[in-house]
Amino acid sequence: NAGVTQTPKFRILKIGQSMTLQCTQDMNHNYMYWYRQDPGMGLKLIYYSVGAGITDKGEVPNGYNVSRSTTEDFPLRLELAAPSQTSVYFCASKGSGGSGNTIYFGEGSWLTVV
Amino acid sequence: AQTVTQSQPEMSVQEAETVTLSCTYDTSESDYYLFWYKQPPSRQMILVIRQEAYKQQNATENRFSVNFQKAAKSFSLKISDSQLGDAAMYFCAYRSTPESGGGADGLTFGKGTHLIIQP
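Residues numbered from 1 in each chain as written. Chains lettered and ligands numbered in written order. Predicted model: local features only at pLDDT ≥ 70, side-chain atom pairs only at ≥ 80, totals over all residues. Heavy atoms only, no water.

Trainee: Just to check I follow, could you spell out the pattern of salt bridges for this structure?
Mentor: When their charged atoms lie close together, side chains carrying opposite charge are able to pair. All names here are of chain A. Counted by the stated rule, this structure contains six salt bridges over all chains. Of the charged contacts in the structure, one is a salt bridge between Lys9 and Glu107, with a shortest N-O distance of 3.8 Å. Placement of Lys9 in the loop between strand 1 (4–7) and strand 2 (10–13) and of Glu107 in the loop between strand 10 (104–105) and strand 11 (109–113) is noted, with a sequence separation of 98 residues between them. On the accessibility criterion, Glu107 (41% relative accessible area) is partly exposed. Here Arg36 and Asp38 are joined by a salt bridge, their closest N and O atoms 2.8 Å apart. (Salt bridge = Lys/Arg side-chain N within 4 Å of Asp/Glu carboxyl O. Helix = DSSP H or I, 4+ residues; strand = E, 2+ residues; numbered from the N terminus. Buried < 20%, exposed > 50% of the residue type's maximum accessible area, 1.4 Å probe, protein only.)

In structure tokens form, the structure reads like this:
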């Protein structure tokens, strides 16, 4: 039962560096999401995708980019890391139709920018 | 835009007792989904219970139940027979339905309630 898999689980970046958080799901879900969770806060939506080739901005998209070339993968790119991007990042996915009302989360990726 | 408010930053309960976590939300939509997620120290997000707004019956999952008051826009979580493993952050979340045009844009979360279980 792989579900939603994120890598890496932990990463330390220097200011100005770039990196990609990988996310893959094996449930054939059309909808995928990236959230960030700052200390003491709930999750906030960064970007989402309703299917391969389609992406859209969420609540806090600045400083990030995404792509969705396949149904399974939804990588999140940080181009010029800033300390404000220190957070825990969650990838999630959701199916359509009758099972489409539950969002499944990955285990999170802890990112520190120093 | 929808908002979700959890007014209790922290709650404490004795093991085996019952505790209720509060959640209110603001929306102009008539149909939507509501969720409670549990986040233990590992940070994994675990779905506890969900409620469809069109259903009048309150959802239950074993020791977890909700009190859904649609007119008051209230969605509280009751945990019965609290166990040490229930200690975690609990997040209330809202999502629009596909029919209302919001099914793609994910969940709106409250800030969470930290639940402490005292042995």
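Further notes follow.
Trainee: Explanation requested: the interface of chain B and chain A in the structure shown.
Mentor: Of the residues lining the interface, 21 residues belong to chain B; the matching set on chain A comes to 21 residues. Across the chain B to chain A interface the summed buried area is about 1800 Å²; carbon plus sulfur atoms make up 57%. Connecting chain B to chain A are four residue pairs in polar contact (both at pLDDT 80 or more). Residue assignment for the side of chain B that touches chain A shows that the elements contributing at least two residues are strand 5 (32–39), strand 6 (46–52) and strand 10 (88–96) of chain B. Broken down by element, the residue count for the side of chain B that touches chain A peaks at four residues, all from strand 5 of chain B. Here the residues of the side of chain B that touches chain A are counted per class, giving nine nonpolar, six polar and six charged. (Contact = heavy atoms within 4.5 Å. Buried area = accessible area lost by both parts, 1.4 Å probe. Polar contact = N/O pair within 3.5 Å; in protein donor to acceptor, adjacent residues only side chain to side chain. Nonpolar A, V, L, I, M, F, W, Y, C, P; charged D, E, K, R; others polar.)

Trainee: I would appreciate a short explanation of the packing of aromatic side chains in the present structure.
Mentor: According to the stated counting rule, one finds 18 aromatic pairs over all chains in the structure shown. Between Trp36 of chain B and Phe75 of chain B, the ring centres sit 6.3 Å apart and the planes meet at 25 degrees, which makes this aromatic pair stacked. Taken together, the positions of Trp36 of chain B in strand 5 and Phe75 of chain B in strand 9 (residues 74–79) put the pair 39 residues apart, joining distant regions of the chain. Overall, the relative accessible area of 0% leaves Phe75 of chain B in the buried class. With 6.3 Å between their ring centres and 80 degrees between their planes, Phe68 of chain B and Phe75 of chain B make a pair best called edge-to-face. The exposure class assigned to Phe68 of chain B is buried, which follows from its relative accessible area of 8%. Among the aromatic residues, those joined into a cluster by ring pairs are Tyr33, Tyr35, Tyr48, Phe90 and Phe105 of chain A together with Tyr33, Phe35, Tyr37, Phe91 and Phe109 of chain B. Over the ring of Phe74 of chain A we find Arg68 of chain A, and its NZ or CZ is 6.0 Å from the ring centre. (Phe/Tyr/Trp six-rings, centres within 6.5 Å; stacked < 30°, edge-to-face > 60°. Lys NZ or Arg CZ within 6 Å of the ring centre and 35° of its normal.)

Trainee: Looking at this structure, how should I read the nonpolar core?
Mentor: The nonpolar side chains of a soluble globular protein tend to be buried, and buried together. All names here are of chain B. Ranked by size, the top nonpolar core spans 25 residues in total, and within it Tyr25, Trp36, Phe75, Leu77, Tyr90 and Leu115 carry the most contacts. If you list the elements that add at least two residues to this core, you get strand 3 (19–21), strand 5, strand 6, strand 8 (64–69), strand 9, strand 10 and strand 12 (113–118). If one sorts the elements of this core by residue count, strand 10 sits on top with four residues. (Core = buried A, V, L, I, M, F, W, Y, C linked by side-chain atoms within 4.5 Å.)

Trainee: I keep staring at the sheet that holds strand 1 of chain A and nothing clicks. Help me out?
Mentor: The strands making up a sheet associate through backbone hydrogen bonding, with each pair oriented either parallel or antiparallel. All names here are of chain A. Across the sheet, four strands lie side by side as 1-3-8-7; this open sheet has antiparallel pairing. Taken across any chain shown, the strands that pair with only one partner, and hence form the sheet edges, are strand 1 and strand 7 (64–66). For this sheet, the mean angle separating the axes of adjacent strands, direction not counted, is 20 degrees. Sheet topology places strand 3 (residues 19–25) next to strand 8 (residues 76–78); three bridges connect them, and they run antiparallel. Following the sheet pairing, Thr20 is matched in strand 8 by Arg77. (Pairing = 2+ DSSP bridges. Axes fitted to C-alpha atoms, helices over the stretch in contact; angles between N-to-C directions.)

Trainee: Looking at this model, I keep getting lost on the side chain of Asp86 of chain B. Mind explaining?
Mentor: All names here are of chain B. With respect to the secondary-structure elements, Asp86 resides in the loop between strand 9 and strand 10. Given the relative accessible area of 3%, Asp86 is considered buried. Within polar-contact distance, the side chain of Asp86 engages the side chain of Arg63 at 2.8 Å.

So, to be careful, I would describe these as geometric facts and stop short of saying anything about function.
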